[in-house]
Amino acid sequence: MTSFELVTAADVQLMQGLAQRVTAMRPDLVNSDASYGELAWNWGKGHAGDGASWRRRLWFSGGDLVAWGWAHPPHQVRRNDGSVKDVTGAYLAYQVHPGHAGLIDEVIDWYDGTAAGLERTVLPGAADEFALKRWAAHGYVTDPAALGDTGSWTQLNGRDLTDVEQPVLPDGFRFRTAEEAGPKAAVQAHLDAWAPSPYTAESYQGVRRTAAYRGDLHILVEAPDATMASSTIMWLDEANKTAEFEPVGTHPDYRRRGLARAMLLHGMRLARAAGATHMTVACLGAPGHPKARGLYYSVGFRELSRDAPLIKTKTAG
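Residues numbered from 1 in each chain as written. Predicted model: local features only at pLDDT ≥ 70, side-chain atom pairs only at ≥ 80, totals over all residues. Heavy atoms only, no water.

Enquirer: Residues and numbers for the side chain of Ser197, please.
Expert: Here Ser197 shows up in the loop between α6 (183–194) and α7 (201–209). Side-chain polar atoms of Ser197 contact the backbone nitrogen of Tyr199, separated by 3.0 Å. Residue contacts for Ser197: discarding those within four places in its chain leaves Arg79, Asn80, His190 and Leu191. (Helix = DSSP H or I, 4+ residues; strand = E, 2+ residues; numbered from the N terminus. Polar contact = N/O pair within 3.5 Å; in protein donor to acceptor, adjacent residues only side chain to side chain. Contact = heavy atoms within 4.5 Å.)

Below is the structure:
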């Protein structure tokens, strides 16, 4: 059975269930935008602004979701500083259960039909050799823009939580949760870290609507002047006893003070107390994006997997 509709919160829960099953079997096949936490974050923050343009198709077997595609068409991104970014191509997030790998051809055909006449991009996992061959057979090639030092491909990093260093904050700073600080502070912390950003109070409402969100696992660092100087959300996958940081950001006026490092350590200790035994976080993997990778490596993370960015031009059919 298949279906083709807008992406709903209920769909995201089904997608997260598939992500959990794939994580349990082949974590190296969990490609960008298809992890348990990333699904909730992407739907939550973007639903209010872009949800009406998203398209999805679901594939089921015996009542279980075994594959899905989530197409992002061309759109405008309006940031809080008044600037507008035009996204002129289509992008596909997707996942296929390893036991139903042959469905990848149906996913690709659906994407090509949905985004016909547009430049199309996708980020399959580099370890998914079968899928990469099928994408190539359908005319997708390595995205040349992603090959350079500032390419936009993503790597997933992980570490176990057996031994987590005690976090140390500078004098006057303290850890808070979003439950304690409130929605206004949580939204402002994100805007400060990622300015200019399309994030809004309505975006945060969407994040909080997702079943995976927990305010006690949304961590902030409060400065002596009451500014929320750093923040991150942790997404706990209880089935696999894993947790994921997404996003992680620090106010530019408070960087290089060790706040993000201390926050990550604090978060991992909280995740461990909540039942997690393993932690993940994604970052840009190209050589020209060393800062986030260096931060994560400094607290024990190492690369687990990476994406293989592909593109199909308008003229390729």
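Enquirer: Can you lay out the pairing of strand β13 (residues 242–250) for me, pointing to particular residues and giving the numbers?
Expert: Summarising burial for β13: 9 of the 9 residues are buried, a large majority. Bridging between strand β12 (residues 228–237) and β13 involves 7 bridges; their strand directions are antiparallel. By the bridge assignment for β13, Ser230 is matched with Thr250. Hairpin connection between β12 and β13: a loop of 4 residues separates the two successive antiparallel strands, and Lys241 in this loop has a positive phi of roughly 55°. Note that β13 and strand β14 (residues 278–284) share 4 bridges and pair parallel. Each bridged residue has a counterpart across the sheet, and for Ala243 the counterpart in β14 is Met279. As a crossover connection, the stretch from β13 through helix α8 (residues 259–273) into β14 is right-handed. (Buried < 20%, exposed > 50% of the residue type's maximum accessible area, 1.4 Å probe, protein only. Pairing = 2+ DSSP bridges. Right-handed = clockwise from strand over helix to strand, strands pointing away.)

Enquirer: Would you mind going over the nonpolar core in detail, with residue names and values included?
Expert: Ranked by internal contacts, the top residues of the largest apolar core, which has 29 residues, are Phe173, Phe245, Met268, Met279 and Phe301. Among the elements of the structure, β11 (218–222), β12, β13, α8 and β14 are those that each provide at least two residues to this core. Among the elements that take part in this core, α8 stands out by supplying 7 residues, more than any other. Sequence-distant contacts of Phe301, defined by excluding residues within four places in its chain, comprise Asn157, Gly158, Arg159, Phe245, Met268, Met279, Thr280, Val281 and Tyr296. Ala90, Leu92, Tyr94 and Leu310 belong to the second largest nonpolar core, which has 20 residues in total. (Core = buried A, V, L, I, M, F, W, Y, C linked by side-chain atoms within 4.5 Å.)

Enquirer: Help me get a handle on the sheet that holds β12, residues and values and all.
Expert: Spatially, the 7 strands line up as an open sheet ordered β10-β11-β12-β13-β14-β9-β15, and their pairing is mixed. The strands lining the two open edges of the sheet, one partner per strand, are β10 (174–177) and β15 (302–306). Averaged over all pairs of adjacent strands, the angle between strand axes in this sheet comes to 30°, irrespective of strand direction. Contacts between α8 and the sheet are confined to β9 (154–160), β10, β11, β12, β13 and β14, with β12 contributing the most and set at about 30° to the helix. (Axes fitted to C-alpha atoms, helices over the stretch in contact; angles between N-to-C directions.)

Enquirer: How would you sum up the packing of aromatic side chains? Please name residues and give values.
Expert: Each aromatic ring pair is described using two quantities: the centre-to-centre distance and the angle formed by the ring planes. Throughout the structure, instances matching the rule amount to 10 aromatic pairs. On the numbers, 5.0 Å between centres and 70° between planes, the contact of Trp54 with Trp70 is edge-to-face. Highlighted residues: Trp54 in the loop between α2 (36–50) and β2 (55–61) and Trp70 in strand β3 (residues 64–72), separated in sequence by 16 residues. Put simply, the rings of Tyr94, Tyr111, Trp135 and Tyr140 touch in pairs and so form one group of aromatic residues. Above the face of the Tyr297 ring, Arg302 is positioned so that its terminal group lies 4.9 Å from the ring centre. (Phe/Tyr/Trp six-rings, centres within 6.5 Å; stacked < 30°, edge-to-face > 60°. Lys NZ or Arg CZ within 6 Å of the ring centre and 35° of its normal.)

Enquirer: Please set out the pattern of salt bridges residue by residue, giving values where relevant.
Expert: Inspection of every chain in the model, using the stated rule, returns 12 salt bridges. Asp11 is the partner of Arg56 in a salt bridge, and the nearest nitrogen-oxygen pair spans 2.9 Å. Linking Arg56 in strand β2 with Asp11 in helix α1 (residues 9–25), this pair joins segments that are 45 residues apart in sequence. Judged on exposure class, the residue Arg56 and its partner Asp11 are both buried. One salt bridge in this structure joins Arg120 and Asp112, with 2.8 Å as the shortest N-O distance. Members of the salt-bridge network, linked through shared partners, are Arg174, Arg176, Glu180 and Glu222. (Salt bridge = Lys/Arg side-chain N within 4 Å of Asp/Glu carboxyl O.)

Enquirer: Could you give an account of the packing of α1 against α2, with specific residues and numbers?
Expert: In the contact formed by α1 and α2, the axes pass within 8 Å of each other and the chain directions differ by 165°. By the angle between their directions, the pair α1 and α2 is classed as roughly antiparallel. Note on packing geometry: the crossing formed by α1 with α2 is right-handed. Together, Ala9, Val12, Met15, Gln16, Ala19 and Gln20 of α1 and Tyr36, Leu39, Ala40 and Trp43 of α2 make up the contact between the two elements. Broken down by class, the residue content of the contact of α1 with α2 amounts to 8 nonpolar, 2 polar and no charged. (Parallel < 35°, antiparallel > 145°, perpendicular 65-115°, else oblique. Left-handed = near helix turned anticlockwise from the far one by under 90°. Nonpolar A, V, L, I, M, F, W, Y, C, P; charged D, E, K, R; others polar.)

Enquirer: Let's hear about the side chain of Glu222: which residues, and what values?
Expert: Positionally, Glu222 belongs in strand β11. Once residues lying within four places of it in the same chain are set aside, the contact partners of Glu222 are Gly172, Phe173, Arg174, Arg176, Thr227 and Met228.

Enquirer: Would you mind going over α6 in detail, with residue names and values included?
Expert: If you check α6, its first and last C-alpha atoms are 17 Å apart, about what 12 residues at 1.5 Å a residue would give, namely 16 Å. Within α6, the full set of buried residues consists of Ala185, Ala186, Val187, Ala189, His190, Leu191 and Ala193. Looking at the buried side of α6, the elements it contacts are α2, α5 (178–181), α7, β11, β12 and β13. (Expected span 1.5 Å × (residues − 1).)

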